[in-house]
Amino acid sequence: MVTDRPEGTVAVRLTEVEAYSGEGEDPASHAHRGPTPRAAIMFGPPGRLYVYFSYGVHWCANVVVGPAGRGSAVLLRAGEVVVGEDLAAVRRPSARVARDLARGPARLTAALGIGPDDGGADVLDPSSSVRLHAGAPPAAVSAGPRVGISRATELPWRFWETGAASVSAFRPGGKPRRRPAGQTGTS
DNA sequence: TTTAGGATGTACT
DNA sequence: GTACATCCTAAAA
C-alpha cells in the first residue's frame, strides 16, 4: 500500500486484514443493509477505496473486492511502514514506537495520510495517489475471529501474517495477559 | 501496569 | 436516542 503526497511518500506492507462480505451473510458488514450512501462505494467496481468515518475521529480504509454490486470489501487492519517512516511518525505523534505507526485500522489509515478525499480512489490506477501493490506473500498466514465487532464474531475472516509484530492486540475471552513467553515483540 | 471513559459521523430503532 | 469494523487520555493499583 503506497500513498503519494506533497509532503512525501509512505509505503506500508499490510500484515493484517479482515474480510467483509456484503451478501447478507455478514451482519457485521456496513454493506449488509444495502448500498447506503456511506457504503455505496462498496457496491461499485473492485479495486476502489472505501473510506469510512468511525467514532467521529478515525478514518478506516477498505479495498473493494469481488464483482461490482456485491458489496464485499477487505478492511486494512494493520501493517508495517517500510517507506517514509519519518513522515508516518509525524502523522502519528502518539505512536511511540515504529510498530504502532500502523497497528490498527485507523492508525494505518492515518499513517498513510488517507482521508475522505481518497474515498472511491482506484488503488489499481498507477496515476492515483493511493495505490495497492502486490507483494510477496508472507511465509505463513493465520486466520481467526474479527476484532471490534459484536456480530458474526465466529467467522474467522481476519487474516494476519503469522508472527507479525504489527497485528492488532486481540484479547481472546478477556484480558490480554502479558506478552506470551515465547513471542518477543521486540527484535 | 491495567481499567475506565470520552470523542463524534453515519445508520438503524 | 443508541450502537458502531476505534483510538487516545486520564486515573488507579
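My aim in this report is to walk through the structure given alongside it, one point at a time. (Residues numbered from 1 in each chain as written. Chains lettered and ligands numbered in written order. Predicted model: local features only at pLDDT ≥ 70, side-chain atom pairs only at ≥ 80, totals over all residues. Heavy atoms only, no water.)

**Some remarks on the protein's contact with DNA strand C**
Move 1: Neighbouring DNA strand C are 20 residues, the closest being Asn62, Ser94, Arg107, Gly148 and Ile149.
Move 2: Sugar and phosphate atoms constitute 59% of the interface atoms of DNA strand C, taking the interface as everything within 4 Å of the protein.
Move 3: Separating a base nitrogen of DNA strand C from a side-chain N or O atom of Asn62 is a distance of 2.5 Å.
Move 4: In the environment of DNA strand C, a phosphate oxygen lies 2.6 Å from a nitrogen or oxygen atom belonging to the side chain of Ser94.
Move 5: Among the secondary structure elements, those contributing two or more residues to the surface near DNA strand C are strand S3 (49–54), strand S4 (58–65) and helix H2 (105–112).
Move 6: When grouped by side-chain class, the residues that make up the surface near DNA strand C number eleven nonpolar, eight polar and one charged. (Near = heavy atom within 4 Å. Polar contact = N/O pair within 3.5 Å; in protein donor to acceptor, adjacent residues only side chain to side chain. Helix = DSSP H or I, 4+ residues; strand = E, 2+ residues; numbered from the N terminus. Nonpolar A, V, L, I, M, F, W, Y, C, P; charged D, E, K, R; others polar.)

**Some points on the packing of aromatic side chains**
Move 1: Taken as a whole and judged by the stated rule, the model has two aromatic pairs.
Move 2: A centroid spacing of 4.2 Å and a plane angle of 45° characterise the contact between Phe53 and Trp59, whose relative ring orientation is tilted.
Move 3: Seen from the ring of Tyr20, Arg146 lies directly overhead, with NZ or CZ sitting 4.5 Å from the centre.
Move 4: Looking at Arg158, its charged tip hangs above the ring of Trp160, at a distance of 4.3 Å from the centre. (Phe/Tyr/Trp six-rings, centres within 6.5 Å; stacked < 30°, edge-to-face > 60°. Lys NZ or Arg CZ within 6 Å of the ring centre and 35° of its normal.)

**Concerning the nonpolar core**
Move 1: The biggest cluster of nonpolar side chains holds 21 residues, and the ones touching the most others in it are Met1, Val10, Leu49, Val81, Leu112 and Ile114.
Move 2: Elements represented by at least two residues in this core include exactly strand S2 (8–20), S3, S4, strand S5 (72–83), helix H1 (85–91) and H2.
Move 3: Top element by residues in this core is H2. It accounts for three residues.
Move 4: Ignoring anything within four residues of it in the chain, the contact list for Val10 reads Met1, Val2, Thr3, Val81, Val83, Gly84, Leu87, Ala88, Arg91, Ala111 and Leu112.
Move 5: Core analysis: the second largest hydrophobic core is formed by 13 residues, Ala31, Ala39, Tyr52 and Ala106 among them. (Core = buried A, V, L, I, M, F, W, Y, C linked by side-chain atoms within 4.5 Å. Buried < 20%, exposed > 50% of the residue type's maximum accessible area, 1.4 Å probe, protein only. Contact = heavy atoms within 4.5 Å.)

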